[in-house]
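# Results of the structural survey
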Amino acid sequence: MQTGSTPYRKAIRNATLVLVALGVVLSLFVSGIFQAGDFASAYFAAGDFAYGVFAAGHFALGIYAIGTFAVGVFSVGIFSVGVFSTGIFSVGVWTMGFFLYGRYKKKGAFPPQR
């Protein structure tokens, strides 16, 4: 013996199927929202990583600039040593000239000046 008419059973079954289908669609939609959030989080994390690489590149560029400055300072120092050495050489040549002039003047190598 049946406890309800067939049209009500079909309506209840159809409503149940519609509700189940809506639940599945809604759960997929919510899952998609969470997955989109995870994707956005990963996207931002990748951006932060890229920014970190960019910052590391700038740090390396700064180290390179400091090294270049140090090489420039070293080159200026080498130039100063060269100038100093040239001065010492000039003083040596000047001293040697006076020494030789005095030595050979005593021997009569240079005629007397009038």
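Predicted, not measured: the structure shown is a model, and the values here were computed from it.

## Overview of the packing of aromatic side chains
Considering all chains together, one arrives at 4 aromatic pairs under this definition. On the basis of an interplanar angle of 70° and a centroid distance of 6.2 Å, the ring pair of tyrosine 43 and phenylalanine 44 is categorised as edge-to-face. Ring geometry for tyrosine 51 against phenylalanine 54: centres 6.4 Å apart, planes inclined by 35°, an arrangement best described as tilted. You can see tyrosine 51 and its partner phenylalanine 54 sitting in helix H1 (residues 6–106), 3 residues apart, about one turn around the helix. Members of the aromatic cluster, joined through ring pairs, are Phe39, Tyr43 and Phe44.

## A word on the UniProt feature "transmembrane region" (unreviewed entry) in the chain
The sites that carry the UniProt feature "transmembrane region" (unreviewed entry) are, in the present numbering, residues 15–37, 49–71 and 77–101. Counting secondary structure, residues 77–101 comes out at 100% helix and 0% strand; the distance between its end C-alpha atoms is 36 Å.

Thresholds, definitions, all that
Residues numbered from 1 in each chain as written. Predicted model: local features only at pLDDT ≥ 70, side-chain atom pairs only at ≥ 80, totals over all residues. Heavy atoms only, no water. Phe/Tyr/Trp six-rings, centres within 6.5 Å; stacked < 30°, edge-to-face > 60°. Helix = DSSP H or I, 4+ residues; strand = E, 2+ residues; numbered from the N terminus. UniProt positions renumbered as here; feature names shortened; annotations may be inferred.

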